[in-house]
2 protein chains.
Amino acid sequence: MSTHKPEPNKPFHHGDLRHALIEATAELIERDGPASVSLREAARIAGVSHNAPYRHFPTREALLAAVAAHGFRQLRLAFEASAVTPENRMLALGQEYVRFALAHPGLFRLMFGSGLDRQSHPDLEQAAQDAFRVLQHATLDRGSPSPRDAALGAWALVHGLSHLIVDNQLNQDLQEDAASGRLLERIAAIYGLSTPREAGSVP
Amino acid sequence: MSTHKPEPNKPFHHGDLRHALIEATAELIERDGPASVSLREAARIAGVSHNAPYRHFPTREALLAAVAAHGFRQLRLAFEASAVTPENRMLALGQEYVRFALAHPGLFRLMFGSGLDRQSHPDLEQAAQDAFRVLQHATLDRGSPSPRDAALGAWALVHGLSHLIVDNQLNQDLQEDAASGRLLERIAAIYGLSTPREAGSVP
DNA sequence: CTTGTGTGTTGACAATGTCAACATCTCCTC
DNA sequence: GAGGAGATGTTGACATTGTCAACACACAAG
């Protein structure tokens, strides 16, 4: 079913090829990993010629950047939908982070991991910063003596856990605990992520 | 300068092509990132024909896996060279982790990040497990009530911080603090990584 | 010296990213 | 409406890449 169908009733213009390409690419990313994504196959899936994508993206990297940006927008929405009760906002956001990585491992690896140059893709940069701003807002206003470092530490922990999960570095039962959210709960309990009022005893 | 030089005094056999290829690949990885590494360019650098690598590695992925395995062995050596005084062993290992990521960002991304299939590269799997075993040994024997989760949390934090650094997700001054090791010190102080005796107040 | 096995080379093929030239559609202006 | 202009899609071409097959050279064992 990957052969080219003429489809005579299809108009010359695709309608929203840009969107279709992003969707096709996202699909390919989850199937084969970000590295194996090919412009031409995305075009095939979208039902256009191998060069049509160049009318919407100047380069392969630009297409990947667009997909990554879309991912960051999704992540931000997830953050905003979460973060309800102020007391365990931090934990909730962490759960959302891990849940996102588990649900879209390929996308997660594209967004981080694969060395996309943010400088040359302002849209991506913007989307990423928007997502992280939500995170920062929710984590900064705690009573910690050095809130910046505390927030960064929490971010690093959750970020690292997500990476470990995505890269299959955890054994089976840990993986399941991570998926259910229990693992992060336990870790948060140990290191005072959910109850950081006790944690500020610093030299 | 990419044309083939006859180089009459060079013998037919390279001597240790396998090693030379790994070295050339490591160089390319740091220069262009793991995704852009090409078998043929590695061969060019090593001064052999484009197909010579296939006598030592069945596939491109196998070469990358060999480089990654070498990276894990380096990391393990760094771990073992560190981890001196038992009290702040955990912090020292974390510093080593971050230092490694900073020193070889491309290699770090190859070892994690780029979805190398460990199942099909037993050498890589072995090297990775060996490195992590050192980490586990040093972090497990603490007085925490759930040492497994505590160790995992610490690992996740350091791993995440390394990723954030490698992916340039931190601004300039934070990056510098991370490079000097101060950042991790501060975070460890906040979350009780270096003094975990107080942190075990868990249901 | 012969011979065989490991190591390197040459040649070929399909797939890919990208450029250039051409075709067709859509819409704005008269 | 007519017509041209700019946007969108297509065809063709090229260099590069991973990989396979066939061949060539080297060195050690007999």
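Our structure's up above, just so we're on the same page.
Per chain, the residues get numbers from 1 upward, laid out in the order the sequence is written. Just so you know, chain letters begin at A and ligand numbers begin at 1, following the order they were written in. Per-residue local features are limited, in this predicted model, to residues with pLDDT of at least 70; the limit for side-chain atom pairs, both in listing and counting, is 80 or more; totals at the level of whole chains, interfaces and linings are taken over all residues. Calculated side-chain values reflect all of the structure's heavy atoms, with hydrogen atoms and water omitted.

A.B. asks: Residues and numbers for the protein's contact with DNA strand C, please.
C.D. replies: Nearness here has a simple test: a residue counts as near a molecule or strand if at least one of its heavy atoms is within 4 Å of that partner. As a matter of local geometry, DNA strand C sits amid 25 residues, with Arg-40, Arg-44 and Asn-51 of chain A together with Ser-49 and His-56 of chain B nearest to it. Among atoms of DNA strand C positioned within 4 Å of the protein, sugar and phosphate together represent 52%. Between N or O atoms, a polar contact is any pair within 3.5 Å; within protein, one atom must be a potential hydrogen donor and the other a potential acceptor, and residues adjacent in sequence are included only when both atoms are from side chains. One of the side-chain nitrogen or oxygen atoms of Thr-59 of chain A is found 2.8 Å away from a phosphate oxygen of DNA strand C. At 3.1 Å, a side-chain N or O of His-50 of chain B approaches a base oxygen of DNA strand C. A per-element tally of the surface near DNA strand C places helix H2 (residues 39-46) of chain A first, with three residues. The classification used treats Ala, Val, Leu, Ile, Met, Phe, Trp, Tyr, Cys and Pro as nonpolar, Asp, Glu, Lys and Arg as charged, and all other residues, Gly among them, as polar. Split into classes, the residues belonging to the surface near DNA strand C amount to eight nonpolar, 11 polar and six charged. Helix numbers and strand numbers start at the N terminus; a helix is a DSSP run of H or I with at least 4 residues, a strand a run of E with at least 2.

A.B. asks: Can you break down the interface of chain B and chain A residue by residue, with the values?
C.D. replies: As a measure of interface size, the accessible area lost when the parts come together is often cited. Any two residues whose heavy atoms approach within 4.5 Å are treated as being in contact. Each side of the interface is counted separately: chain B has 38 residues, and chain A has 39 residues. Defined in terms of a 1.4 Å probe, buried area is the accessible area two parts forfeit on being brought together, summed over both. Summed over both sides, the interface of chain B with chain A buries roughly 3,200 Å², with 62% coming from carbon and sulfur. Interface area lost by chain B to chain A is led by Gln-169, Ile-190 and Tyr-191 of chain B, which between them contribute 21%. Salt bridge, as applied in this entry: a Lys or Arg side-chain nitrogen positioned within 4 Å of an Asp or Glu carboxyl oxygen. At the junction of chain B and chain A, the tally comes to two salt bridges. In this structure, Arg-186 of chain B engages Asp-149 of chain A in a salt bridge whose closest nitrogen and oxygen atoms are separated by 2.5 Å. Our enumeration of links across chain B and chain A arrives at eight residue pairs in polar contact (both at pLDDT 80 or more). Only helix H7 (147-166) and helix H9 (182-191) of chain B provide two or more residues apiece to the side of chain B that touches chain A. Of the residues forming the side of chain B that touches chain A, the biggest block, 14 residues, is contributed by H7 of chain B. For the side of chain B that touches chain A, a count of residues per class yields 21 nonpolar, 10 polar and seven charged.

A.B. asks: Before we move on, can you summarise the relation of the copies chain B and chain A with the specific residues and values?
C.D. replies: The operation relating chain B to chain A is a screw motion whose rotation component is 180 degrees, with 0.0 Å of axial translation and a residual RMSD of 0.0 Å. What the superposition gives is, in effect, a two-fold axis relating one chain to the other. Fitting of the copies onto one another was done by least squares over C-alpha atoms, counting residues only where both copies have pLDDT of at least 70.

A.B. asks: So what's going on with the protein's contact with DNA strand D? Residues and values would help.
C.D. replies: The environment of DNA strand D is made up of 25 residues, and the closest members are Ser-49 and His-56 of chain A together with Arg-40, Arg-44 and Asn-51 of chain B. Across the atoms of DNA strand D situated within 4 Å of the protein, the share located in sugar and phosphate is 52%. Separating a phosphate oxygen of DNA strand D from a side-chain N or O atom of His-56 of chain A is a distance of 2.6 Å. Arg-40 of chain B places a polar side-chain atom, nitrogen or oxygen, 2.5 Å from a base nitrogen of DNA strand D. It is helix H2 (residues 39-46) of chain B that provides the largest number of residues to the surface near DNA strand D, a total of three residues. Across the surface near DNA strand D, the residue classes tally to eight nonpolar, 11 polar and six charged.

A.B. asks: So what's going on with the packing of aromatic side chains? Residues and values would help.
C.D. replies: A pair of Phe, Tyr and Trp rings is counted when the ring centres sit within 6.5 Å of each other, with Trp represented by its six-membered ring. The angle between the planes then sorts it: under 30 degrees is stacked, over 60 is edge-to-face, the rest tilted. A full pass over the atoms with the stated rule returns 16 aromatic pairs over all chains. Relative to Phe-132 of chain B, the ring of Phe-72 of chain B has its centre 5.9 Å away and its plane inclined at 75 degrees; by these criteria the two rings are edge-to-face. Of this pair, Phe-72 of chain B sits in helix H3 (residues 60-81) while Phe-132 of chain B sits in helix H6 (residues 122-140), and the two are 60 residues apart along the sequence. Since its relative accessible area comes to 0%, Phe-72 of chain B is described here as buried. On the basis of relative accessible area, Phe-132 of chain B is assigned to the buried category, the value being 13%. Ring centres 4.9 Å apart and planes at 50 degrees place the aromatic pair Phe-108 of chain B and Phe-112 of chain B in the tilted group. Buried means the residue's accessible area, taken with a 1.4 Å probe over protein chains only, is under 20% of the maximum for its type, while exposed means over 50%, and partly exposed covers the values in between. Owing to a relative accessible area of 1%, Phe-112 of chain B belongs among the buried residues under this scheme. By way of ring pairs, the aromatic residues Phe-72, Phe-79, Tyr-97, Phe-108, Phe-112, Phe-132 and Trp-155 of chain A are connected into one cluster.

A.B. asks: Describe the packing of helix H1 (residues 17-32) of chain B against H2 of chain B, with residues and values.
C.D. replies: Residue and element names in this part refer to chain B. Between N-to-C directions, angles span 0 to 180 degrees; the directions come from axes that are lines fitted to C-alpha atoms, helices contributing only their stretch in contact. In the contact formed by H1 and H2, the axes pass within 9 Å of each other and the chain directions differ by 120 degrees. Here H2 runs oblique to H1, going by the angle between their axes. Along this stretch, H1 crosses H2, giving a crossing that reads as right-handed. Here H1 contributes Leu-17, Ala-20, Leu-21, Ala-24, Thr-25, Leu-28 and Arg-31 to the contact with H2, which in turn contributes Glu-41, Ala-42, Ala-43, Ile-45 and Ala-46. Here roughly perpendicular refers to angles of 65 to 115 degrees, roughly parallel to angles under 35, roughly antiparallel to angles over 145, and oblique to all remaining angles. For any pair of crossing helices, the crossing counts as left-handed if the nearer helix is rotated counterclockwise from the farther one by less than a right angle, and right-handed if it is rotated clockwise.

A.B. asks: Kindly report on the pattern of salt bridges, identifying the contributing residues and their values.
C.D. replies: All names here are of chain A. Counted by the stated rule, this structure contains 22 salt bridges over all chains. Notably, a salt bridge pairs Glu-96 with Arg-99, separated by 3.3 Å at the nearest N-O pair. Of this pair, Glu-96 and Arg-99 both sit in helix H4 (residues 89-103), three residues apart, which is roughly one turn of the helix. Note on Glu-96: relative accessible area 15%, which makes it buried. Salt bridges sharing partners connect three or more residues here, namely Arg-76, Glu-80, Asp-130 and Arg-133.

A.B. asks: So what's going on with the side chain of Asp-149 of chain A? Residues and values would help.
C.D. replies: Take Asp-149 of chain A: it is sitting in helix H7 (residues 147-166). Since its relative accessible area comes to 7%, Asp-149 of chain A is described here as buried. Not counting chain neighbours up to four residues away, the residues in contact with Asp-149 of chain A comprise Leu-183, Arg-186, Ile-187 and Ile-190 of chain B.

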